[in-house]
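# Per-entry structural report
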Amino acid sequence: MSTASATAVPAASEARNVSVPSPQQPVPVTEGSATILFPSPRDVFYNPVQQFNRDLSTLAIRTWSHGFLAAKTAAAQKRTAGRGKKRKRGEKQEEDVSTTVPQDTNGVHTPDVPQQTFTILEALSATGLRAIRYAQEIPNVEYVLANDLSTKAVAQIRRNCDDERNSDVARRVVRPHEGDARVVMYKALAPKDRFDVVDLDPYGSAAPFLDGAVQSVSDGGLLLVTCTDLAVLAGDSHPEKCFSQYGGANVRQSEFCHELALRLLINSIRQHAARYGRTVTPLLSLSIDFYIRVFVRVETSAKAVKRLASETSLVYACTGCRSYTLQPMGVCRGPPSDAKPGTEPRFTHASARNARDKCDHCGFPTQVGGPMYDGPLHDPDFCTLVLAESASAASEDAARESRGHPPWYAATRARVAGMVSLAIEENSLPSLLYALPRLAKTFHTQQPPFKQFLSAFLNANHKVSGSHTKPAALKTTAPSSFIWDVMRAWIARHAPVKKSALSPTNAGWNILFGQGVPQSDEGREYLEVVDKFPHIDFTIHPDAELRTKKQGLVRYQDNPTDNWGPKVRARGPDERRGGGGRS
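Residues numbered from 1 in each chain as written. Predicted model: local features only at pLDDT ≥ 70, side-chain atom pairs only at ≥ 80, totals over all residues. Heavy atoms only, no water.

If you tally the helices and strands in the protein chain, you get 17 helices and 19 strands. By residue count, 53% of the 583 residues in the protein chain fall in the buried class. Of the roughly 26100 Å² of accessible surface on the protein chain, 51% is carried by carbon and sulfur atoms. (Helix = DSSP H or I, 4+ residues; strand = E, 2+ residues; numbered from the N terminus. Buried < 20%, exposed > 50% of the residue type's maximum accessible area, 1.4 Å probe, protein only. Areas by Shrake-Rupley, 256 points an atom, 1.4 Å probe, with all protein chains shown as cover.)

As structure tokens, this is what we get:
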């Protein structure tokens, strides 16, 4: 993911949180509410850049838990009321029950039910930092199972939970566990044994753990997945590895590679879940720094699983101009307007209407990517609630500071607000994107100012937004033919192209002139492009400045430090596949 931005902020570089004593003394690291200990400075395996991941995850789980526990409480009340009805039917009472027993709206007494709780599996816990933070910062957690395959890591989790700088909640709620993450999840397939939240944050690919994860999370539960293997998921070099791990392939040298990586991962999760009659709903899906992170709700629904094919697409991308078209794998036709209530939609095969071996615009060959998930990456209601939860956390931080304690979320609050707001902004637009610099490069011309460029679409009544995955990117409802009309009009009116910049072998030449040669070309320094596009209007539209930019939100991240990417994988004598979490 590109990190350049006009609206950027340094990352949560938390070096100040790491105390460095003598080489023989333990090293404490504090993040949020938690403090963890490393035996010595050389053993410190902590990446401060990942604080954003952990802060956002904590806020997301808190947000999700409100609705989940409300539904769980309502179900418990309903069960209790049902048992009360049965008892009353077996009793012969001489007086009117309504005069002695409080009643609900159904005339049945509904006693209070105990406070509902939920469980969390951190499948690859490493130091236990995330598990301790979840226990201390998220209300109503029954327990957090902090699992790791490494004996050394589990011992460290126990020491960190027992550290006096952490609260009694950590010692009571966090349950250190040694085991293969996949085995732990496969032992929790029965509904009564499932975890309400499953968090997968491995070093590298989460692919080996997805099958167990979609089965071990409860109905309505939350699954959080991180993948750091973007050289595979979003890169050009390993399409065979990407397909074997995730069941799909990215598009070589594409500007939308990080969004497509998110869609490949979600499609893989959905495919695993569908085999067991379960459906996956993305709540928030982000490309962040050197990794991707998705938050999805998992439910059992045979009816929803039927939509899997119609929400899955291939992408045909041009190797020249980078235009793309999407080819659905199936079709879902809703019932007609005069159908009886309850009529089910009809599912059928998709026709290959979008498949092309040559680009319609420039004539270059196309390449195939996917299959990918072709639906909304985010739930706007959930994202709005995350922002509200972040504001609530800010109030809690202010109260802590007034008591002389350090805040938990101050370092990442601005970035959470910016990224989640941008996710809401982009959510209503179709899959994938166009990058303005790449469009201009196709013609070797000056790129339009972003506001003027967006105005051309808004003035033609097309929807537009930016993308959280790439600065100066455009997501739009407009067809690719309209995008090229905008660029032709821009070149004709404002940014002529030098003759030396293009030739008939270029994609840009073919878009401007087809296979022909411009007339009146002799003796000219610039190519003559006739303005035949009266429908293109570059007048600044009132909504051309994106809302997130207008509000001054942090939208894209600057590189926080030198060598700021993922840390070197932790190694140990007992490390085997199935462990390997990160801090």
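Of note, Ala153 is situated in helix 3 (residues 151–162). Residue classification places Ala153 among the buried residues on the basis of a relative accessible area of 10%. Separated by 25 residues in sequence, Ala153 and Glu178 have C-alpha atoms that sit 8.6 Å apart.

When pLDDT is averaged along the protein chain, the result is 87, and 83% of the positions lie at 70 or above. Throughout residues 1–16 the model reports pLDDT below 50, and contacts reaching past four residues in sequence, or to other chains, amount to 40 contacts. Long-range and interchain partners of residues 573–577, a stretch whose pLDDT sits below 50, account for 11 contacts in this model, where long-range means more than four residues apart. (pLDDT = per-residue confidence, 0-100. Contact = heavy atoms within 4.5 Å.)

Attention now goes to the side chain of Glu122. Positionally, Glu122 belongs in strand 4 (residues 118–122). Assessed through its relative accessible area of 2%, Glu122 is described here as buried. Among the polar contacts made by the side chain of Glu122, one reaches the main-chain amide nitrogen of Ala131 at a distance of 3.2 Å. Setting aside its immediate chain neighbours within four residues, Glu122 contacts Arg130, Ala131, Leu145, Ala146, Asn147 and Asp199. (Polar contact = N/O pair within 3.5 Å; in protein donor to acceptor, adjacent residues only side chain to side chain.)

A separate point is the pairing of strand 4. For strand 4, a buried count of 5 out of 5 residues is recorded, marking the element as mostly surrounded by other parts of the structure. As paired elements, strand 4 and strand 5 (residues 141–148) share 5 bridges and run parallel to each other. Across the sheet, Leu121 pairs through a bridge with Leu145, a residue of strand 5. For the segment spanning strand 4, helix 2 (residues 129–137) and strand 5, crossover handedness is right-handed. (Pairing = 2+ DSSP bridges. Right-handed = clockwise from strand over helix to strand, strands pointing away.)

With respect to the helices and strands, Thr319 occurs in the loop between strand 11 (312–318) and strand 12 (324–328). For Thr319 and Thr366, which are 47 residues apart along the polypeptide, the C-alpha to C-alpha distance reads 5.6 Å. Look past the residues within four positions of Thr319 in its chain and what remains in contact with it is Phe364, Pro365 and Gln367. Reaching out from Thr319, the side chain makes a polar contact with the backbone oxygen of Pro365 at a distance of 2.8 Å.

Taken in spatial order, the 3 strands of this open sheet run 12-11-15, and their pairing is antiparallel. Each having just a single partner strand, strand 12 and strand 15 (366–373) make up the two edges of the open sheet. Recorded for the sheet is a direction-independent mean angle of 25 degrees between the axes of neighbouring strands. Where strand 11 meets strand 12, 5 bridges bridge the pair, whose relative direction is antiparallel. (Axes fitted to C-alpha atoms, helices over the stretch in contact; angles between N-to-C directions.)

A complete count under the given rule lists 11 aromatic pairs for this structure. Consider the rings of Trp408 and Tyr409, whose centres lie 6.4 Å apart with planes at 70 degrees: the pair is edge-to-face. Trp408 gets classed as buried once you look at its relative accessible area, which sits at 18%. A relative accessible area of 2% means that Tyr409 is categorised as buried. Judged by centre distance (5.7 Å) and plane angle (75 degrees), the rings of Phe443 and Trp484 are edge-to-face. Taken as a pair, Phe443 in helix 13 (residues 436–443) and Trp484 in helix 15 (residues 480–493) lie far apart in primary sequence, 41 residues in all. Note on accessibility: Phe443 and Trp484 belong to one class, buried. Through a chain of ring-to-ring contacts, the aromatic side chains of Trp64, Phe68 and Phe118 assemble into a single cluster. Here the basic side chain of Arg175 rests over the ring of Tyr143, its NZ or CZ set 3.8 Å away from the ring centre. Across from the ring centre of Trp408, 3.3 Å away, lies the NZ or CZ of Arg400, which sits over that ring. (Phe/Tyr/Trp six-rings, centres within 6.5 Å; stacked < 30°, edge-to-face > 60°. Lys NZ or Arg CZ within 6 Å of the ring centre and 35° of its normal.)

As a further point, take unusual backbone geometry. Going from Gly370 to Pro371, the amide bond is cis rather than trans, its omega being 0 degrees. Within the fold, Pro371 resides in strand 15. We note that Ala126 has phi near 60 degrees; this positive angle belongs to a residue other than glycine. Residue placement: Ala126 occurs in the loop between strand 4 and helix 2. A relative accessible area of 9% means that Ala126 is categorised as buried. Despite not being glycine, Leu432 has its phi angle at roughly 70 degrees, a positive value. Along the polypeptide, Leu432 turns up in the loop between helix 12 (413–426) and strand 16 (434–435).

So, on to the packing of helix 8 (residues 239–246) against helix 9 (residues 257–274). Direction vectors running N to C along helix 8 and helix 9 enclose 35 degrees, while the axes themselves pass 10 Å from each other. In this structure, helix 8 uses Cys242, Gln245 and Tyr246 to contact helix 9, whose residues at the interface are Leu264, Leu265 and Ser268.

What follows concerns the sheet that holds strand 18 (residues 470–476). In space, the 3 strands of this open sheet follow the order 16-18-17, with antiparallel pairing throughout. The open sheet terminates on both sides in strands that have one partner only, identified here as strand 16 and strand 17 (464–467). The pairing of strand 17 with strand 18 spans 3 bridges and is antiparallel. For Val464, the partnering residue across the bridge sits in strand 18 and is Thr476.

Moving on: the pattern of salt bridges. The final tally for this structure, using the stated rule, is 28 salt bridges. The partner of Arg293 in a salt bridge is Asp199, with the nearest N and O atoms 3.1 Å apart. You can see Arg293 sitting in strand 10 (residues 291–300) and its partner Asp199 sitting in strand 7 (residues 195–200), a full 94 residues away along the chain. Pair check on accessibility: Arg293 and Asp199 agree, each one buried. As a salt-bridge pair, Glu344 and Lys303 come within 3.3 Å of each other at their nearest N and O atoms. Taken as a pair, Glu344 in the loop between strand 13 (330–333) and strand 14 (346–349) and Lys303 in helix 10 (residues 302–305) lie far apart in primary sequence, 41 residues in all. Classification of Glu344 as partly exposed rests on a relative accessible area of 44%. (Salt bridge = Lys/Arg side-chain N within 4 Å of Asp/Glu carboxyl O.)

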